[in-house]
Amino acid sequence: MPDKLTVAQARDADAIGREVLLQGWVRTRRDSKAGFSFLEINDGSCFGTIQVVADAELTNYESEIKKLSAGCSVSIEGLVKESPGKGQATEVQATKVTVHGTADVETYPLQKKRHSFEFLRTIAHLRPRTNTFGAIARVRNCVCNSIHQFFQEDGFLYVHTPVITASDCEGAGEMFQVTTLDLNNPPRKGSGVDFEVDFFDRPAYLTVSGQLEAEIFACGLGKAYTFGPTFRAENSNTARHLAEFWMIEPEMAFCDLAGNMDLAEQLLKRISRDVLDKCREDMEFFKERIDKTAIATLQAIIDCDFIRLPYTEAVEILKSSGEKFEFPVEWGHDLQSEHERYLTEKHFDSPVILYDYPSTIKPFYMRVNDDGKTVRAMDVLVPKVGEIIGGSQREERLDVLEDRMRQQDLNPEDYWWYLDLRRYGSVPHSGFGLGLERVVQFITGMANIRDVIPFPRTPGSAEF
Ligand code: ATP
Ligand code: MN
């Protein structure tokens, strides 16, 4: 019996001399005048394909092999040999080719020509078979693995926070409502809908962040992190926003803003190192075809010290930059993507951690500074993508936190459990949220965030 190998294993010179079984999809077929055919097979185990030589003596050569085309699925049995060709160590001399599924050349959407990413989004069920999306899937997988390893090695607990919630953590009102009420005929109370008879006896939503619940675990068990889906009904249609994305949220007790920045920087360095180590071939492809600076950008993350800069100083830099921005820069306003990119790409040419933002533009839970005007917020900005991480030291003082809630028109009673963390054994603590898709976008250089998640959810789009 032949050994079942992946294409990645069969491409390795160590496999030479072995009788193997390979299973995958045909990328191309070329027929030689000398009476045999070359098949390029990919199975997703790596970026590259393996060349299979199929002789005319094979029983199904004329009936099946000579009809193989892109997308057909096959099992190949044969002998791994040293390849005389350039750019590959091995090839497989087939002794048996079994065709499982054909793919009609006339109708199979993935032809050899280059397709636009917009078109590929319309065939999200087939795009994993392309070079680009195979590479993205492997990089994304590597990033997730790297993140879990980083936290596990550092003693963080992986906690699962709820997807359905009754609190709006960001206070931004960009939430999807979850209800079992009949929308055609909802029960009424006064002038509005009676949510007291809804499934949860109150309005409920899909979560925009697991932070508040992660804080519960940190304030009792030390260090925790979440890694889960997050939902935001932002109707913004940008190249950096999804309605459903994955967020990583570490939370640490006895940790201030400086410690929080250290963790964020270490995490991004670790991810970069792991991707360069484990996805070299995929990264070479991104460098070649998507973004010339892809590998240099990762190396720079590993090598440099991130700039740390107060928001107020960033505003001064932007104001005196002489740059023509679409949106004006004003202390007290959120920075726009163009401002963030100016700082990371032009002014510093480095990742930048901005901190101490005006309290008026940040959520209630961020710790108020002694100046009374700013809070211990931090955003990590990187070239091309802009904000990749948002975080803060949390307000641990009960009275200050309650004041901040009232200022933002939140009712402290609704957050009684969150306030209890400050009532009983309160500790300084900090954490942040890292958007998985923004990281993958940053690493691969892909221009649109819709192309780094398997099945993007955006306004007007939830196919597949
Ligand atoms: P932005 O200003 O870019 O909208 P934000 O300030 O709303 O980001 P946070 O609430 O701090 O972001 O969320 C933490 C992280 O989650 C962000 O730094 C980003 O990486 C990611 N993120 C936020 N919103 C989205 C989204 N709609 N799609 C994908 N990732 C997102
Ligand atoms: Mn946002």
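J.: Describe the packing of helix 3 (residues 131-153) against helix 5 (residues 257-278), naming the residues involved and giving the relevant values.
T.: Here helix 3 crosses helix 5 at 135 degrees, and the two axes come no closer than 9 Å. The orientation of helix 3 with respect to helix 5, classified from their angle, is oblique. With respect to the hand of their crossing, helix 3 and helix 5 are arranged in right-handed fashion. Contacts between helix 3 and helix 5 involve Val 139, Cys 142, Val 143, Ser 146, Ile 147, Gln 149, Phe 150, Phe 151 and Glu 153 on the former and, on the latter, Leu 263, Gln 266, Leu 267, Arg 270, Ile 271, Asp 274, Val 275 and Lys 278.

J.: Outline the sheet that holds strand 18 (residues 386-393), listing residues and values.
T.: Where strands meet in a sheet, backbone hydrogen bonds hold them as pairs that are either parallel or antiparallel. Across the sheet, which stays open at both edges, the eight strands sit in the order 7-13-14-19-18-17-16-15 with mixed pairing between neighbours. The open sheet has two edge strands with one neighbour each: strand 7 (157-158) and strand 15 (307-310). The sheet contact formed by strand 14 (residues 244-253) and strand 19 (residues 429-435) spans five bridges and is antiparallel. Bridged to Glu 251 within strand 19 is Gly 431. Along the sheet face, helix 8 (residues 311-319) touches strand 15 and strand 16 (352-358) and points at about 90 degrees away from the line of strand 15.

J.: Report on the site of ligand 1, specifying residues and quantitative values.
T.: Taken together, 16 residues lie around ligand 1, and Arg 232, Glu 234, His 241, Glu 387 and Ile 388 are the ones closest in. Within the contact set of ligand 1, an oxygen atom lies 2.9 Å away from a side-chain nitrogen or oxygen of Arg 232. Interatomic distance of 2.7 Å between a side-chain N/O atom of Glu 387 and an oxygen atom of ligand 1. Elements with a minimum of two residues in the shell around ligand 1: strand 14, strand 18 and strand 19. With four residues, strand 18 is the largest single contributor of residues to the shell around ligand 1.

J.: Kindly report on the sheet that holds strand 12 (residues 204-206), identifying the contributing residues and their values.
T.: Pairing within the open sheet is antiparallel, and its three strands lie in the order 8-12-9. Edge strands, defined here as strands with exactly one partner in the open sheet, are strand 8 (164-165) and strand 9 (177-178). Note: strand 8 against strand 12, two bridges, orientation antiparallel. Along strand 12, the bridge assignment pairs Ile 164 with Leu 206.

J.: Got a sec to walk through unusual backbone geometry? Specific residues and values, please.
T.: One non-glycine residue, Phe 254, adopts positive backbone phi at about 55 degrees. Take Phe 254: it is sitting in the loop between strand 14 and helix 5. At Lys 384, a position not held by glycine, the phi torsion is positive, near 75 degrees. Tracing the sequence through the fold places Lys 384 in the loop between strand 17 (374-382) and strand 18. Taking the relative accessible area as the measure of exposure, Lys 384 reaches 26% and is therefore partly exposed.

J.: Give a detailed account of the nonpolar core, specifying residues and quantitative values.
T.: In terms of nonpolar packing, the biggest core is built from 90 residues, with Ile 147, Val 275, Leu 434 and Ile 443 touching the most fellow members. Top element by residues in this core is helix 3. It accounts for 10 residues. Those residues within four positions of Ile 443 in sequence are excluded, and the remaining contacts are Val 139, Val 143, Ile 271, Val 275, Met 283, Ala 294 and Leu 298. In terms of nonpolar packing, the next biggest core, distinct from the first, is built from 29 residues, Ala 314, Leu 343, Tyr 365 and Leu 381 among them.

J.: Give me the lowdown on helix 10 (residues 398-407), citing residues and values where you can.
T.: Within helix 10, burial applies to Val 400, Leu 401, Glu 402, Arg 404 and Met 405. Buried-residue contacts for helix 10 involve strand 17 and helix 11 (416-423). One or two positions beyond helix 10, positive phi appears at Asp 409, with a value near 60 degrees.

J.: Which residues make up the pairing of strand 18, and what values go with them?
T.: The element strand 18 is largely enclosed, with a buried count of six among its eight residues. With six bridges joining them, strand 17 and strand 18 adopt antiparallel strand pairing. Bridged to Val 380 within strand 18 is Ile 389. Counting the residues between successive antiparallel strands, the hairpin from strand 17 to strand 18 contains three residues, one of them, Lys 384, with a positive phi of roughly 75 degrees. With five bridges joining them, strand 18 and strand 19 adopt antiparallel strand pairing. Residue pairing across strands places Ser 392 opposite Gly 431, the latter belonging to strand 19.

J.: Can you tell me about the side chain of Asp 274, naming the residues and giving the values?
T.: Secondary-structure assignment places Asp 274 in helix 5. Accessibility expressed as a relative area gives 8% for Asp 274, which makes it buried. A polar atom in the side chain of Asp 274 sits 2.8 Å from the side chain of Arg 270. Not counting residues within four places of it along the chain, the set of residues in contact with Asp 274 comprises Cys 142, Ser 146 and Cys 279.

J.: So what's going on with helix 4 (residues 211-221)? Which residues, and what values?
T.: Buried within helix 4 we find Gln 211, Leu 212, Glu 213, Ala 214, Glu 215 and Ala 218. In this structure, the buried residues of helix 4 make contact with strand 8, strand 13 (223-231), strand 14, helix 11 and strand 19. One or two positions beyond helix 4, positive phi appears at Gly 222, with a value near 100 degrees.

Criteria and cut-off values
Residues numbered from 1 in each chain as written. Chains lettered and ligands numbered in written order. Predicted model: local features only at pLDDT ≥ 70, side-chain atom pairs only at ≥ 80, totals over all residues. Heavy atoms only, no water. Axes fitted to C-alpha atoms, helices over the stretch in contact; angles between N-to-C directions. Helix = DSSP H or I, 4+ residues; strand = E, 2+ residues; numbered from the N terminus. Parallel < 35°, antiparallel > 145°, perpendicular 65-115°, else oblique. Left-handed = near helix turned anticlockwise from the far one by under 90°. Contact = heavy atoms within 4.5 Å. Pairing = 2+ DSSP bridges. Near = heavy atom within 4 Å. Polar contact = N/O pair within 3.5 Å; in protein donor to acceptor, adjacent residues only side chain to side chain. Buried < 20%, exposed > 50% of the residue type's maximum accessible area, 1.4 Å probe, protein only. Core = buried A, V, L, I, M, F, W, Y, C linked by side-chain atoms within 4.5 Å.

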